Amino acid sequence: QVHLVESGGGLVQDGGSLRLSCAASGRTFNNYGMGWFRQAPGKEREFVAAIWSGGTPLYAGSVKGRFTISRDNAKNTVYLQMNSLKPEDTAVYYCAAGRLPIFRGEERDVYQWGQGTQVTVSS
């Protein structure tokens, strides 16, 4: 198994920025895809971004151009830099570890979920 610990959530104004971090432990990190999902109140969890073991990123259309996913294999950590935040980005953000080096953001390919961190964007 892998244990995922998230940090960096909080309250930010419309147009602001936040950087989420997800530290992984319990298994080798650099050979697996990682990703971020989010769930707003009353809505289903949705894919946000993923990064493959080789560093190839993948984004949901709603965040493309505003969010950047990255990873630091030496620190076993994946990041989500969120810029130009909008109130519609308000949600609990979950880090996810994929089962394979390539991770396309499908929940069936998630090996382990993080606990979630709240992101609130005020209007």
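Description of the structure in this document. Values in this document were obtained by computation on a predicted structure and should not be read as measured data.

## Describing the state of the cysteines
Scanning all chains against the criterion turns up one disulfide. In this model C22 forms its disulfide with C95; the gap between the sulfur atoms is 2.1 Å. Taking the sign of the S-S torsion, about -85° here, the bridge from C22 to C95 comes out left-handed. With C22 in strand β3 (residues 18–25) and C95 in strand β9 (residues 91–98), the pair connects residues that are 73 residues apart, well separated along the chain. Residue C22 shares its accessibility class with C95, and that shared class is buried.

## Examining the nonpolar core
Counting residues in each nonpolar core, the largest one holds 35 residues, and the members touching the most others are M34, W36, V78, L80, M82 and Y93. For this core, the secondary structure elements donating two or more residues are β3, β4 (34–39), β5 (46–51), β7 (67–72), β8 (77–82), β9 and β11 (117–122). Discounting residues that sit within four places of it in the chain, M82 has contacts with G16, S17, L18, L20, R66, F67, Y93 and V119.

## A short note on the packing of aromatic side chains
All chains considered together, the criterion is met by three aromatic pairs. An angle of 70° between the planes, with centres 4.9 Å apart, marks the rings of F37 and W113 as edge-to-face. Taken together, the residues F37 in strand β4 and W113 in strand β10 (residues 110–113) connect sequence positions 76 residues apart. These aromatic residues form a ring-pair network of at least three members: F37, F47, F103 and W113. One cation-aromatic arrangement involves R45 over W113; the distance from NZ or CZ to the ring centre is 3.6 Å. The residue whose ring lies beneath R71 is F29, and the NZ or CZ to ring-centre distance is 4.4 Å.

Parameters and conventions
Residues numbered from 1 in each chain as written. Predicted model: local features only at pLDDT ≥ 70, side-chain atom pairs only at ≥ 80, totals over all residues. Heavy atoms only, no water. Disulfide = S-S within 2.5 Å. Helix = DSSP H or I, 4+ residues; strand = E, 2+ residues; numbered from the N terminus. Buried < 20%, exposed > 50% of the residue type's maximum accessible area, 1.4 Å probe, protein only. Core = buried A, V, L, I, M, F, W, Y, C linked by side-chain atoms within 4.5 Å. Contact = heavy atoms within 4.5 Å. Phe/Tyr/Trp six-rings, centres within 6.5 Å; stacked < 30°, edge-to-face > 60°. Lys NZ or Arg CZ within 6 Å of the ring centre and 35° of its normal.

This is a description of form; function is not addressed.
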